[in-house]
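# Architecture and fold: a report
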Amino acid sequence: MNKTLREHTKLVDQMATALGVDLEEQVFRGNTDMEDIGEAVLKCTGCTQTEDCKHWLASRTAPAMRTPSYCRNSEMFQALKG
């Protein structure tokens with residue numbers, strides 16, 4: 001389970017970065033908290049498109065406007081993106 005959590009924590013962080021969202025800054029500003037980020041990681045662990053997500057993230061050459069349609073955390077990322 002630790003390997004899974006580490007993998008999906010990394011994916012959540014990479015997705016935020018791909019969208020131009022700095023999660024640490026968002027926590028600092030009070031726009032989210034570590035509990036919300038933890039919930040996002042848990043949602044991510046239930047995704048069946050992990051390999052597609054990894055490929056999508058690896059193919060980014062510029063900030064993305066939105067997540068792929070299958071992302072379980074799309075709403076959170078869009079809210080933080082502003």
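Scope of this entry: the structure provided in the associated data block. In this text, all values refer to a predicted model and were calculated from it rather than measured experimentally.

What follows is about the pattern of salt bridges. Where charged atoms of side chains with opposite charge meet at close range, the side chains can pair. Applying the stated rule across the entire model yields three salt bridges. We note a salt bridge from glutamate 7 to lysine 54, for which the minimum N-O separation is 2.5 Å. On the criterion of sequence distance, the pair formed by glutamate 7 in helix H1 (residues 2–18) and lysine 54 in helix H4 (residues 50–58) is long-range, its members being 47 residues apart. One network of salt bridges, with partners in common, ties together Glu7, Glu51 and Lys54.

Bringing the packing of H1 against helix H3 (residues 34–45) into the picture now. Where H1 contacts H3, the two axes come as close as 9 Å, and the packing angle between them is 110°. It follows that H1 is roughly perpendicular to H3 by the angle criterion. Remark: the crossing between H1 and H3 carries right-handed chirality. Facing Thr4, Leu5, His8, Thr9, Leu11 and Val12 of H1, the residues of H3 in contact are Ala40, Val41, Leu42, Cys44 and Thr45. The residue makeup of the contact of H1 with H3, split by class, is seven nonpolar, four polar and no charged.

Attention now goes to the environment of glutamate 35. By the secondary structure assignment, glutamate 35 is in helix H3. Between the C-alpha atom of glutamate 35 and that of threonine 17, which follows or precedes it by 18 residues, the distance is 19 Å.

In terms of nonpolar packing, the biggest core is built from 20 residues, with Val12, Met15, Leu23, Leu57 and Phe77 touching the most fellow members. At the level of elements, H1, H3, H4 and helix H5 (74–81) are the ones that each hand at least two residues to this core. Sorting elements by how many residues they give to this core places H1 first, with five residues. Not counting chain neighbours up to four residues away, the residues in contact with valine 12 comprise Leu23, Ala40, Val41, Cys44, Asn73 and Phe77.

Direction vectors running N to C along H1 and H4 enclose 40°, while the axes themselves pass 10 Å from each other. Judged by the angle between their axes, H1 and H4 are oblique. For the pair H1 and H4, the crossing hand works out as left-handed. Of the residues in H4, those touching H1 at Glu7, His8, Leu11, Gln14, Met15 and Ala18 are Thr50, Cys53, Lys54, Trp56 and Leu57. In the contact of H1 with H4, the residues fall into six nonpolar, three polar and two charged.

How each quantity is defined
Residues numbered from 1 in each chain as written. Predicted model: local features only at pLDDT ≥ 70, side-chain atom pairs only at ≥ 80, totals over all residues. Heavy atoms only, no water. Salt bridge = Lys/Arg side-chain N within 4 Å of Asp/Glu carboxyl O. Helix = DSSP H or I, 4+ residues; strand = E, 2+ residues; numbered from the N terminus. Axes fitted to C-alpha atoms, helices over the stretch in contact; angles between N-to-C directions. Parallel < 35°, antiparallel > 145°, perpendicular 65-115°, else oblique. Left-handed = near helix turned anticlockwise from the far one by under 90°. Contact = heavy atoms within 4.5 Å. Nonpolar A, V, L, I, M, F, W, Y, C, P; charged D, E, K, R; others polar. Core = buried A, V, L, I, M, F, W, Y, C linked by side-chain atoms within 4.5 Å. Buried < 20%, exposed > 50% of the residue type's maximum accessible area, 1.4 Å probe, protein only.

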